[in-house]
Amino acid sequence: MSSSSLKKPTTLLGSIRTSALTIENAKTVVFWYLVQYYAIKFLRHVRATGISVTLHDSYLAIVKTPPAHHPGLMLRGSFEEQGDCEELTRIEKRRRSQTERDLAQTDPVPKLTRRFHPSLQRVFNLVLLVPSARRKLAPQHPSVTPTLALPAQGLTREQVSLALTTLSELPNTKWEDGRVSGAVYHGGEEMNEIWRDAFGKFVVSNPLHADVFPGVRKMDSEVVSMCLSLFNSPLPTSAIDQNGGAGTTTSGGTESILMACKAYRDRAAAERGISEPEMIIPISAHAAFDKAAKYFKIKIHHIPVDPQTRKVNLKAVKRAINPNTIMLVGSAPNFPDGIIDDITGLGKLAVRYNLGLHVDCCLGSFLVPFLERAGFPYEPFDFRVPGVSSISCDTHKYGFAPKGSSVIMYREKRLRKYQYSVITTWPGGVYASPSMAGSRPGALIAGAWASMVHMGISGYTDSCIAIVGAAKAIESGIRTSFPELYILGEPLVSVIAFGSEDEGDCPVYEVGDRMGKLGWHLNALQTPPALHLACTRLTVPVVGDFLRDLRIAVDETKAKDTKGDGSMVMLYGLGSSSAVGPGLVEELATRYMDVLYA
């Protein structure tokens, strides 16, 4: 027998052993790679949020993920008997099969609340709000015939006009009296006439077809350029200059924020190879950043604000920065309490770590740039601050443009290209759009352009003097005449937020409910519980009325023996009552949106 034949079994056995060892080694490598991968992610999260917040988030994640993923089943552990659980399940299934109209007409909840643990009483009280919301938001009007399908025969022009008049005259909140926080940023009847003229001239225009509507293309570009100039960005010297500022118009502040987040995400992927992007925002930043995080799969770190100044904690921001960070965020001002973050401090961090810094100036829009001109205190916030790389600004707020108008701006044109959407392989041809939408209403762009050129620097300065002056009068009145309340931070612009010095004696949500009964529509805030009023031009003549009614509401709240039966109290009280509270509020908010389409 040859020596080669004797070696074959040995060689084959050795090969098998070597292969087995290789597979085992590969499994070991993969295992330790995954351990390292998730350990790094966990440590980064702990570094960004702290141990206590990480444990709290983990607890909420466990509690909020029941087997059936249903709010009704999350409550099983709170019932006294299993039979009660089964009954709730049957009730919940029956509820889901009913329409909102059925729910508005039936009221089984009070009969059931007596059978459940007292801790659930607030839950069922909250459920009772849904029928009331149905009656309030989508009431039945006997004089109005519902149009649920196309009419067999089209209406005449006169009939359409009559129907529109009827709908416009339905009972509604009288925003004209200045008792609504924000919502309607009214530029006056003359501005309305300017809008109508602009709408009429560009009613069918669409900037998607720039060659067909050159006037709209020109106005679209000029709205962006006027905003860039206002926020102190150098304009590009030519169409191919990549160093000057650039931007696009959008449908509103949310889309402007979405576009900025997309641009930073795509740039990080293209230039730095980041596949798991993260962004760092103050907890007070607009909810649109959370929406962007969900849409674009960006991990988001919410950084606490200083309890006194209400500005984002820069040390916590720095701790949260890691190799996957693509952008930082600051507000000028934020929506909840109207405070401008330390944009200069954020800018230094952005420069040091080579990150994008987005300043959300949607609410500040055409007020913050005019504070200095109007003689009010101000803080650096725009492109003059090193590190600021993008700014969002709503022209449809204090710019008095028609609703559906905002602008996203970038310090450099080379960043803007990452927000574009370009499809070159579509059978319908090359498709490119600058923002989320394809077709856009040119009439709104014309309205924005007309509003801005009509107001000018002088008009916006006068507007700033009046609106910010009203806000400061309210702030001063609360600080000097309401020892029961305190102002959140040092607001510089149009939003005044206030909380209660003693929630046991004067619950601020109860004050909000009572102000509602007096005809005021204020915004409720969380962490801490508070209310805010966003002043507009309509607020200016009713500052005295607000302070008078606030005194009445505070006094009545303090004198009341029982607390906590108003809708604002129940909604926001439930959200902070337990780990499952936010999930229940989410369900209620979802049904609220369903009611809007009832």
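Here the structure is a predicted model, which means the values were calculated and not measured.

Participant: Describe a negative patch on the surface, and please don't skip the residues or the numbers.
Facilitator: On the surface, a cluster of negative charge is made up of Glu501, Asp502, Glu503 and Asp505. Position of glutamate 501 relative to the elements: it lies in the loop between β11 (495-500) and α18 (508-517).

Participant: Any details on the pairing of strand β6 (residues 390-393)? Residues and values, ideally.
Facilitator: Covered by surrounding structure in β6 are Ser390 and Ser392 together with Ile391 and Cys393, the residues of both alternating faces. Alignment of strand β5 (residues 356-360) against β6, held across 3 bridges, turns out to be parallel. Bridge pairing links valine 359 to isoleucine 391 in β6. Pairing of β6 with strand β7 (residues 406-410), which is carried by 4 bridges, proceeds in the antiparallel orientation. The partner of serine 390 across the bridge, within β7, is tyrosine 410.

Participant: Explain unusual backbone geometry to me, using residue names and the numbers behind them.
Facilitator: Omega for the bond connecting alanine 332 with proline 333 falls within 30 degrees of zero, at -5°, which places this linkage in the cis form. The residue proline 333 is located in the loop between β4 (325-331) and α14 (343-352) in this model. Phi is positive for phenylalanine 400, which is not a glycine, with a value near 60°. Looking at where phenylalanine 400 falls in the secondary structure, it is placed in the loop between β6 and β7. The exposure class assigned to phenylalanine 400 is buried, which follows from its relative accessible area of 1%. Located in the positive-phi region is threonine 527, a residue other than glycine, with phi close to 45°. Among the structural elements, threonine 527 can be located in the loop between β12 (523-525) and β13 (530-534). Using a relative accessible area of 62% as the deciding quantity, one classes threonine 527 as exposed.

Participant: An account of the pattern of salt bridges is requested, with residue identities and associated values reported.
Facilitator: Applying the stated criterion across every chain, the model contains 23 salt bridges. The salt bridge involving aspartate 266 is made with lysine 262; its shortest N-O contact spans 2.7 Å. Taken together, the residues span about one helical turn, with aspartate 266 and lysine 262 both in helix α11 (residues 253-272) at a distance of 4 residues. Between aspartate 555 and arginine 551 there is a salt bridge; the shortest N-O distance is 3.0 Å. Remark: arginine 551 and aspartate 555 occur in helix α19 (residues 543-559); sequence separation between them is 4 residues, near one turn of the helix.

Participant: Describe α11, naming the residues involved and giving the relevant values.
Facilitator: In this model α11 runs 28 Å from its N-terminal to its C-terminal C-alpha over 20 residues, within 8% of the 28 Å that 1.5 Å per residue would give. If you check which residues of α11 are buried, you get Gly253, Glu255, Ser256, Ile257, Leu258, Met259, Ala260, Cys261, Lys262, Ala263, Tyr264 and Ala268. One or two steps after α11, the chain reaches glycine 273, where phi turns positive at roughly 70°.

Participant: Run through the nonpolar core, naming residues and quoting values.
Facilitator: Counting 85 residues, the largest nonpolar core has Ile478, Phe546 and Leu550 as its most contacted members. No other element matches the 11 residues that helix α17 (residues 442-481) contributes to this core. Apart from residues lying up to four places away in sequence, isoleucine 478 is in contact with Leu485, Ile487, Ile496, Phe498, Leu547 and Leu550. In this structure, Met259, Ala285, Ala292 and Val329 belong to the second largest nonpolar core, which totals 26 residues.

Participant: Quick rundown of α17? Include the residues and the values.
Facilitator: Compared with the 58 Å implied by 1.5 Å per residue over 40 residues, the 49 Å span of α17 between its first and last C-alpha is markedly short. Of all the bends in α17, the greatest, near 85°, is centred on glycine 456.

Participant: Lay out the packing of aromatic side chains with the relevant residues and their values.
Facilitator: Under the counting rule described, the total for this entry stands at 8 aromatic pairs. Relative to tyrosine 398, the ring of tyrosine 185 lies with its centre 4.9 Å away and its plane at 80°, an arrangement referred to as edge-to-face. Here tyrosine 185 is found in the loop between α8 (157-168) and α9 (189-201), whereas its partner tyrosine 398 is found in the loop between β6 and β7, with 213 residues between them in sequence. Relative to tyrosine 460, the ring of phenylalanine 370 lies with its centre 5.7 Å away and its plane at 35°, an arrangement referred to as tilted. Of this pair, phenylalanine 370 sits in the loop between β5 and α15 (371-374) while tyrosine 460 sits in helix α17, and the two are 90 residues apart along the sequence.

Participant: Explain the sheet that holds strand β10 (residues 485-487) to me, and be specific about the residues and the numbers.
Facilitator: If you trace the 4 strands from one edge of the open sheet to the other, you get β10-β11-β13-β12, paired in antiparallel fashion. Since the sheet does not close on itself, it has two edges, and those belong to β10 and β12, each with one partner. Each strand axis lies, on average, 30° off the axis of its neighbour in the sheet, ignoring direction. In this sheet, β13 lies alongside β11 in antiparallel orientation, the contact comprising 4 bridges. Within the sheet, the bridge partner assigned to alanine 497 lies in β13 and is histidine 532.

Participant: Any chance you could break down the confidence of the model for the protein for me, citing the residues and the numbers?
Facilitator: Scored by pLDDT, the protein comes out at a mean of 84, with 79% of its residues at no less than 70. In this model, residues 70-85 is a region of pLDDT below 50 whose contacts with residues beyond four sequence positions or in other chains number 29 contacts. The model gives residues 99-120 a pLDDT under 50, and that stretch makes 33 contacts with residues more than four places away or in other chains.

Participant: Would you mind going over the environment of tyrosine 509 in detail, with residue names and values included?
Facilitator: As for its position among the elements, tyrosine 509 is in helix α18. On the accessibility criterion, tyrosine 509 (10% relative accessible area) is buried. For tyrosine 509 and leucine 531, which are 22 residues apart along the polypeptide, the C-alpha to C-alpha distance reads 7.4 Å. Engagement of the side chain of tyrosine 509 in a polar contact is seen with the backbone oxygen of leucine 525, the distance being 2.6 Å.

Each value, and the rule that gives it
- Starting afresh in each chain, residues are numbered from 1 along the sequence in its written order.
- It should be noted that, the model being predicted, local features are given only for residues of pLDDT at least 70 and side-chain atom pairs only at 80 or more, the latter also being counted only at that level, while totals for whole chains, interfaces and linings use all residues.
- As a convention, hydrogens and water are excluded, and side-chain values are obtained from all of the structure's heavy atoms.
- Patches here: salt-bridge-free residues with over 30% relative accessible area, like charges joined within 9 Å, nonpolar side chains (Val, Leu, Ile, Met, Phe, Trp, Tyr) joined within 5 Å.
- Computed with the Shrake-Rupley method and a 1.4 Å probe, the accessible areas treat only the protein chains shown as cover for residues.
- Salt bridge criterion: a side-chain nitrogen from Lys or Arg within 4 Å of a carboxyl oxygen from Asp or Glu.
- Counting rule for charge: Lys and Arg are taken as positive, Asp and Glu as negative, and neither His nor the chain ends is counted.
- To locate a charge, take atom NZ for lysine, CZ for arginine, CG for aspartate or CD for glutamate.
- Secondary structure follows DSSP: runs of H or I at least 4 residues long count as helices, runs of E at least 2 residues long count as strands, and numbering of each begins at the N terminus.
- In this scheme, a residue with accessible area under 20% of its type's maximum is buried, one over 50% is exposed, and one in between is partly exposed, where area comes from a 1.4 Å probe on protein chains only.
- Paired strands, in this sense, are two strands between which DSSP finds at least two bridges.
- By definition here, a helix of n residues has an expected span of 1.5 Å times n minus one.
- To define a nonpolar core, start from buried Ala, Val, Leu, Ile, Met, Phe, Trp, Tyr and Cys residues and group those joined through side-chain atoms within 4.5 Å.
- Note on contacts: a residue pair qualifies if any of its non-hydrogen atoms lie within 4.5 Å across the two residues.
- In this scheme, the bend at a residue equals the angle between the axes fitted to the seven residues that finish there and the seven that begin there.
- Here a Phe, Tyr or Trp ring, Trp counted by its six-membered ring, pairs with any other such ring whose centre lies within 6.5 Å, and the pair is stacked when the planes are under 30 degrees apart, edge-to-face when over 60, and tilted otherwise.
- Here an axis means a line fitted to C-alpha atoms, over the contact stretch when the element is a helix, while the angle between two N-to-C directions is reported on a 0 to 180 degree scale.
- pLDDT measures how confident the predictor is about each residue, on a scale from 0 to 100.
- Two N or O atoms count as a polar contact when they lie within 3.5 Å, although within protein this holds only if one can serve as hydrogen donor and the other as acceptor, and sequence-adjacent residues are included solely when both atoms are side-chain atoms.

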